[in-house]
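Below, each chain spelled out in residue letters.
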Amino acid sequence: AHHTGTSHRSHASTAKARMEDVKRGFAVEVVNDHTHRMYVYLHDKERYPYHAAVGATTVERWASDLIFFASDKREEEVAAVLKNAFFRRYVQRLFVVSTAPISSEEELADKLVEAASALSPRTFRYIGYPKKKERSMCDLLSVRGMELSPTSFTSVLYGGVIEKKGVAFFGVSQREPFQREMVRGEDFVSKAQYKMEELLSSLNLLQQIQPKSILDLGASPGGWSMQVAQAFPDSRVLAVDKGSLHPSVLALPNITHSATTLTPANAESVLSPHSPFDVVVCDINVHPAEACTLLRPVLSYLRSGGVLVFTVKCLAKKMKAAESGLIDVVKRFLSPSIASADASADASADASADADARVAEQKIEGGEKGNGTFSNIDVMWLIANTTNERTIIAVKD
């Protein structure tokens, strides 16, 4: 598609003259509710490798579902990073864009036409941001002579005005931008395995210790067992759960299934032949108080320097894990020296959440907390966690 008209060309030249800081980079459209966590992975260059992998020089969270980073990398390189491991499920689209301080839709329309003019006459699909402005932009582009079609298009034109930032992004592609990958292969066991996949991809802690013996408590249907067994093929994985394991999990040669419910009475007979464990993982779908009770006889079989990976699940309806107080309860279970939250924090907490936390602490029976003290207790909100979940990674002293 192309356009003609002296007045438009003059307008475009004037607009271009005002654009003193045009940056090239990538706009990442993220599935809702995951933008902040994706931003952390791309922004925190000290802890995670992705900032360098995408060649980012600046990373900005533009809106509830849009992240921008300036980069000189090729699209294929950035797409390969985003398609690797867990990112592929949360990136809706990847746009190769230029950005400029554009304040109106009319200016953006001019820049879009300018970007499209580099191609021979074509029919475009327009993808706009925010979506509510997409139709009005299509009208502005049509007035400027652009031929648009949502189905019969040869190239894709995309752009949007980020009002709070006073900036716009725009670009053109000869194919549909990166689409998130939700394909589930034959080895798909459950969505829970995405949490362990994310941990193994983003943190190097387990790789550093190269575990030889791993316990998965509450393993059924086996998503976490599969992930660690495949990541560490020289290890032995004991999957403890009276429930069944997925056939693809049972087929792995380094997994042993103990079809039982672990109790203090049978812990020695079940665990001793496989202990000490280098890693204990637990993603059981029960209240944190019950999970801690199940973990108590297990933790003495975890060696000093071993790692515990544990999902804290707030099962109360409409209560977010961060507001429940349950995280502090679990941390005190693992390390009794950790003090309770201060009075001001308690005062600001939701009353029902505070009550649930107190009940949880009372349900963790016995004066002794965990078997051994844990240090370096890290609480993570993984992209694969729900709003009601947090993942705890702790190292045993």
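All values reported here derive from a predicted model rather than from experimental measurement.

Peer 1: Explain the nonpolar core to me, please; I cannot follow it from the model alone.
Peer 2: For soluble globular proteins, the rule of thumb is that nonpolar side chains tend to be buried together. M38, Y41, F69 and F169 are the most contacted members of the largest nonpolar core, which totals 71 residues. Those residues in contact with F69, other than ones at most four positions away along the chain, are G25, F26, V28, L42, V54, A56, T58, V59 and V78. Core analysis: the second largest hydrophobic core is formed by 33 residues, A267, V280, I284 and I327 among them.

Peer 1: Before we go on, may I ask you to explain the packing of helix 7 (residues 193–202) against helix 9 (residues 223–231) in this structure?
Peer 2: When two helices pack together, their arrangement is given by the angle between their axes and by how far apart the axes lie. Taken N-terminus to C-terminus, the directions of helix 7 and helix 9 make an angle of 30°; their axes are 7 Å apart at the nearest point. Considering the angle they form, helix 7 stands roughly parallel to helix 9. In this structure, helix 7 crosses over helix 9, and the sense of that crossing is right-handed. The segment helix 7 lies against helix 9, with Q193, K195, M196, E197 and L200 engaging G223, W224, M226, Q227, V228 and A231. Looking at the contact of helix 7 with helix 9 residue by residue, the classes come out as six nonpolar, three polar and two charged.

Peer 1: What is the right way to read the sheet that holds strand 4 (residues 91–100) from this model?
Peer 2: Strands in a sheet are paired, the pairing made by backbone hydrogen bonds, and the direction either parallel or antiparallel. The sheet built from seven strands is open, its strands ordered 2-3-1-4-7-6-5 with mixed pairing. Pairing within the sheet leaves two strands with one partner each, and these edge strands are strand 2 (58–63) and strand 5 (124–129). The sheet shows a mean angle of 30° between the axes of neighbouring strands, direction not considered. Bridging between strand 6 (residues 155–162) and strand 7 (residues 167–173) involves seven bridges; their strand directions are antiparallel. When the bridges of strand 7 are listed, L157 appears paired with V172.

Peer 1: I tried to follow the environment of G145 on my own but got confused; where do I start?
Peer 2: Along the chain, the position of G145 falls in the loop between helix 6 (134–143) and strand 6. Each C-alpha atom, one on G145 and one on V113, is 8.8 Å from the other, the two residues being 32 residues apart in sequence.

Peer 1: Would you mind going over the sheet that holds strand 13 (residues 374–380) with me for this structure?
Peer 2: Strand order in the open sheet made by the seven strands is 10-9-8-11-12-14-13, with mixed pairing throughout. The open sheet has two edge strands with one neighbour each: strand 10 (255–258) and strand 13. In this sheet, neighbouring strand axes are inclined to one another by 15° on average, regardless of whether the strands run parallel or antiparallel. Both strand 13 and strand 14 (residues 389–396) contribute to a ladder of five bridges, which runs antiparallel.

Peer 1: Help me understand the side chain of S149 in this model?
Peer 2: Along the chain, S149 falls in the loop between helix 6 and strand 6. Of the residues examined, S149 reaches a relative accessible area of 16% and is grouped as buried. At 3.3 Å, the side chain of S149 and the backbone nitrogen of T151 are in polar contact. Discounting chain neighbours no more than four positions away, the residues touching S149 are T123, F124 and R125.

Peer 1: Just to check I follow, could you spell out the packing of aromatic side chains for this structure?
Peer 2: Two descriptors summarise a pair of aromatic rings, namely the distance from one centre to the other and the angle between the planes of the rings. This model, assessed by the stated rule, comprises 13 aromatic pairs. Pairwise contacts between aromatic rings join Y41, Y48, Y50, F86 and F87 into one cluster. Between R37 and the ring centre of W381, over which it is positioned, the NZ or CZ distance is 3.9 Å.

Peer 1: Explanation requested: the packing of helix 5 (residues 105–116) against helix 6 in the structure shown.
Peer 2: Running from amino to carboxyl end, helix 5 crosses helix 6 at an angle of 55°, the nearest separation of the two axes being 10 Å. Here helix 5 is positioned oblique relative to helix 6, judged by the angle of their axes. The two elements helix 5 and helix 6 cross, and the hand of that crossing is right-handed. Of the residues in helix 6, those touching helix 5 at E105, E106, L108, A109, L112 and V113 are S136, M137, L140 and L141. Taken together, the residues that form the contact of helix 5 with helix 6 break down as seven nonpolar, one polar and two charged.

Peer 1: Explanation requested: unusual backbone geometry in the structure shown.
Peer 2: With the exception of glycine, the majority of residues adopt a negative phi angle, and the majority of peptide bonds are in the trans configuration. In this model, S220 is joined to P221 through a cis peptide bond whose omega is 5°. In this fold, P221 is placed in the loop between strand 8 (213–217) and helix 9. Put simply, S275 and P276 share a cis peptide bond, and its omega is 0°. Structurally, P276 can be placed in the loop between helix 11 (267–271) and strand 11 (277–282). Although it is not a glycine, Q210 adopts a positive phi angle of roughly 45°.

Peer 1: Explanation requested: the pairing of strand 2 in the structure shown.
Peer 2: A regular strand places its side chains so that they alternate between the two faces of the sheet. The sheet contact formed by strand 2 and strand 3 (residues 66–70) spans five bridges and is antiparallel. Of the residues in strand 3, the one forming a bridge with R61 is I67.

Quick notes on the rules
- Residues numbered from 1 in each chain as written.
- Predicted model: local features only at pLDDT ≥ 70, side-chain atom pairs only at ≥ 80, totals over all residues.
- Heavy atoms only, no water.
- Core = buried A, V, L, I, M, F, W, Y, C linked by side-chain atoms within 4.5 Å.
- Buried < 20%, exposed > 50% of the residue type's maximum accessible area, 1.4 Å probe, protein only.
- Contact = heavy atoms within 4.5 Å.
- Axes fitted to C-alpha atoms, helices over the stretch in contact; angles between N-to-C directions.
- Helix = DSSP H or I, 4+ residues; strand = E, 2+ residues; numbered from the N terminus.
- Parallel < 35°, antiparallel > 145°, perpendicular 65-115°, else oblique.
- Left-handed = near helix turned anticlockwise from the far one by under 90°.
- Nonpolar A, V, L, I, M, F, W, Y, C, P; charged D, E, K, R; others polar.
- Pairing = 2+ DSSP bridges.
- Polar contact = N/O pair within 3.5 Å; in protein donor to acceptor, adjacent residues only side chain to side chain.
- Phe/Tyr/Trp six-rings, centres within 6.5 Å; stacked < 30°, edge-to-face > 60°.
- Lys NZ or Arg CZ within 6 Å of the ring centre and 35° of its normal.

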